Amino acid sequence: MPPRHSNAMKVNILKIFLLVLTIALANCISIKTQPSNTSVQESETGQLDCVFDSSVSNCYWSKDDVPVEIGDRYRLANSPNTGDCSLKISTAQLKFDDGLWSCGTSQTSDHLGILSQKAKFTVLITPKEPYIMVNRVQQDNESNVPLDYSSKIICVSESGNPPADLSWQLDSMSLAGLVTLYNTTDEKIKRAELNITQQIDKSWKESKLSCISDHQSYPPIERHYTYINIKIPYSTTSVNAFSANGTTDTTMKVDSHTWIGLNCTADGFPEPKYRWDHKTDDNSQWKSYRTEQNISFQAFSAQFQCVAIDSATENEIRSQQVFNVITISASSAKIGIILSSIVIVLVLIVILVTGIYYLYKKKKWPFKTPTHERGHNNTNIPENEQLNHNVYTDNTLPLRESPKRNEQNEELLNRNQNTQPVSTLLQTDARP
């Protein structure tokens, strides 16, 4: 039979255990509101929540497992006696505040210590505008970029916190299946790399390849992007040359002081090189004149032709148009003007003479007064006195007379020597 004191000892141990458990449960607290991930723009104020289910005598905060001193930019939102140990961070700074935060309370005689879960406090930094690199060369936005099967295209977004989310788009088609995303050693820089090996084809040659950046700091529904116009190399096949003034005439006769402008265009990508050749006559050889696409020069007599040089193959293709510039001296130009003026005057004279001849033939020139409008009628005058009447009244008749008429005039003149007026003599002769 076992001794009685061993049973009593077991009872006492059980009582002590229950007492300790009761005290522990009485001093045990929990966190009602755990800290959660929070984002705030740089220089703004943010808050991390942490609320206990009962009052605590103290509370503390740690960033990346390093205790933070309360004060200055870090202040508790309320008193620990309320159980609210939420932390306000003013003038948030990326260097000091971005990281993992946790809150807790130390063990005291009143309660046991407890530590919260960790929460990410993010200080948002708007990233720089994304840019595209082709074979390690940064490309300007909207630029024309030649690509081939070995081209390596990378989209870069820098200085963003957190790094921007990048994606590729070809015209309106997503290229999600062809993109590899990775971070560099600096976590604040993010790149989106597109490996186009075996994916590129000629259908891309006139497409727009865009890199799109999304970030928490952007306003709602806002996306930033950059793009390049893809150009797939192809050979130069045609060359066009034309005058700068728009004329299609390839022969130009100009004064030697005139300035001539000639332009040239060609297909092919990359852009072909240009050269203008010239020669003085048909029997001469073409010689290089200018290595420019468009030229202007003071006129001199020569022939000009544009040459396009394929950038990949160096093949030369000549334009069908050959411009023949012929210069004339200033004195020749003046002589030409004078001769033109003389021709115009002669033409006017011929027109005038033709008009006069036409009027003469129509008996409308020179202009004469009709007989019935001359103010007299000599039908009633006797024949022997009509001559005298005509002499004094009709000065339009010719002065040439026949011998008989001259004798009659002399007789009439003799009569006029008398004192009788001519009218009296006429009346006397008119009697029977």
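Residues numbered from 1 in each chain as written. Predicted model: local features only at pLDDT ≥ 70, side-chain atom pairs only at ≥ 80, totals over all residues. Heavy atoms only, no water.

**A word on the overall build of the protein chain**
Part 1 of the reasoning: Helices and strands together make up the secondary structure of the protein chain, namely six helices and 29 strands.
Part 2 of the reasoning: The 432 residues of the protein chain split such that 31% are buried.
Part 3 of the reasoning: Of all intrachain contacts in the protein chain linking residues separated by at least 6 positions in sequence, the fraction that spans at least 24 positions is 62%.
Part 4 of the reasoning: In the form shown here, the protein chain has an accessible surface area of approximately 28,300 Å², with 53% of it arising from carbon and sulfur atoms. (Helix = DSSP H or I, 4+ residues; strand = E, 2+ residues; numbered from the N terminus. Buried < 20%, exposed > 50% of the residue type's maximum accessible area, 1.4 Å probe, protein only. Contact = heavy atoms within 4.5 Å. Areas by Shrake-Rupley, 256 points an atom, 1.4 Å probe, with all protein chains shown as cover.)

**Comments concerning the state of the cysteines**
Part 1 of the reasoning: Overall, the coordinates contain four disulfides when judged by the stated rule.
Part 2 of the reasoning: The residue that forms a disulfide with Cys50 is Cys103, at a sulfur-sulfur distance of 1.7 Å. Between Cys50 and Cys103 the sulfur-sulfur dihedral comes to about 55°; the bridge is accordingly right-handed. With Cys50 in the loop between β3 (46-48) and β4 (51-52) and Cys103 in strand β9 (residues 99-105), this residue pair connects regions lying 53 residues apart in the sequence. Comparing Cys50 with Cys103 shows no difference in burial state: the two are buried. (Disulfide = S-S within 2.5 Å.)

**Description of the environment of Gln41**
Part 1 of the reasoning: By secondary structure assignment, the location of Gln41 is in strand β2 (residues 38-41).
Part 2 of the reasoning: Taking relative accessible area as the criterion, Gln41 reaches 26% and is therefore assigned partly exposed.
Part 3 of the reasoning: Sequence separation of Gln41 and Thr91 is 50 residues, and the distance between their C-alpha atoms is 9.2 Å.
Part 4 of the reasoning: If we skip the residues at most four places from it in the chain, Gln41 touches Ala92, Leu124 and Ser217.

**Quick word on the pattern of salt bridges**
Part 1 of the reasoning: As enumerated under the stated definition, the model contains nine salt bridges in all.
Part 2 of the reasoning: Of the charged contacts, one joins Lys63 and Asp64 as a salt bridge, the two residues approaching to 3.1 Å between their closest N and O atoms.
Part 3 of the reasoning: Its salt-bridge partner being Glu314, residue Lys273 comes within 3.5 Å of it at the nearest N-O pair. Taken together, the residues Lys273 in strand β25 (residues 273-279) and Glu314 in the loop between β28 (302-309) and β29 (316-328) connect sequence positions 41 residues apart.
Part 4 of the reasoning: Classification of Lys273 by relative accessible area gives partly exposed; the value is 45%.
Part 5 of the reasoning: Residue class for Glu314 comes out partly exposed when judged on its relative accessible area of 44%.
Part 6 of the reasoning: Among the charged side chains, a network of salt bridges with common partners joins Arg275, Asp277, Glu316 and Arg318. (Salt bridge = Lys/Arg side-chain N within 4 Å of Asp/Glu carboxyl O.)

**Describing the packing of aromatic side chains**
Part 1 of the reasoning: As enumerated under the stated definition, the model contains eight aromatic pairs in all.
Part 2 of the reasoning: Relative to Trp101, the ring of Tyr74 lies with its centre 5.7 Å away and its plane at 55°, an arrangement referred to as tilted. With Tyr74 in strand β7 (residues 74-76) and Trp101 in strand β9, this residue pair connects regions lying 27 residues apart in the sequence.
Part 3 of the reasoning: Residue Trp101 is classed as buried on the basis of its relative accessible area, which comes to 0%.
Part 4 of the reasoning: Taken together, a centroid distance of 5.7 Å and an interplanar angle of 55° make the contact between Phe297 and Phe300 tilted.
Part 5 of the reasoning: The rings of Tyr289, Phe297, Phe300 and Phe304 are connected pair by pair, giving a single aromatic cluster.
Part 6 of the reasoning: Here the basic side chain of Lys208 rests over the ring of Tyr227, its NZ or CZ set 4.6 Å away from the ring centre. (Phe/Tyr/Trp six-rings, centres within 6.5 Å; stacked < 30°, edge-to-face > 60°. Lys NZ or Arg CZ within 6 Å of the ring centre and 35° of its normal.)

**Some thoughts on the confidence of the model for the protein chain**
Part 1 of the reasoning: Looking at the protein chain, the pLDDT average stands at 78 and 69% of residues meet or exceed 70.
Part 2 of the reasoning: Counted against residues more than four places away or in other chains, residues 21-26, with its pLDDT under 50, gives zero contacts.
Part 3 of the reasoning: For residues 373-379, every residue scores under 50 in pLDDT, and the model assigns this stretch eight contacts once sequence neighbours within four places are set aside. (pLDDT = per-residue confidence, 0-100.)

**Some words on the sheet that holds strand β21 (residues 224-231)**
Part 1 of the reasoning: Pairing is mixed in the open sheet, where five strands are placed in the order β14-β21-β20-β16-β17. Taken across any chain shown, the strands that pair with only one partner, and hence form the sheet edges, are β14 (144-146) and β17 (173-174).
Part 2 of the reasoning: Where strand β16 (residues 165-170) meets β17, two bridges bridge the pair, whose relative direction is antiparallel. Bridge assignment links Gln169 to a residue of β17, and that residue is Ser174. (Pairing = 2+ DSSP bridges.)

**Remarks on the pairing of strand β22 (residues 239-243)**
Part 1 of the reasoning: Across the two faces of β22 the burial differs, with Val239, Ala241 and Ser243 buried and Asn240 and Phe242 not buried at all.
Part 2 of the reasoning: Note that β22 and strand β24 (residues 259-266) share five bridges and pair antiparallel. Residue pairing for β24: Asn240 is matched across the bridge by Thr265.

**Side note on the environment of Gln117**
Part 1 of the reasoning: For Gln117, the position within the fold is in the loop between β10 (114-115) and β11 (119-124).
Part 2 of the reasoning: Taking the relative accessible area as the measure of exposure, Gln117 reaches 44% and is therefore partly exposed.
Part 3 of the reasoning: Placed 17 residues apart in sequence, Gln117 and Leu100 show a C-alpha to C-alpha distance of 9.7 Å.
Part 4 of the reasoning: Sequence-distant contacts of Gln117, defined by excluding residues within four places in its chain, comprise Gln34, Pro35, Trp101 and Ser102.
Part 5 of the reasoning: A polar atom in the side chain of Gln117 sits 3.2 Å from the backbone oxygen of Pro35. (Polar contact = N/O pair within 3.5 Å; in protein donor to acceptor, adjacent residues only side chain to side chain.)

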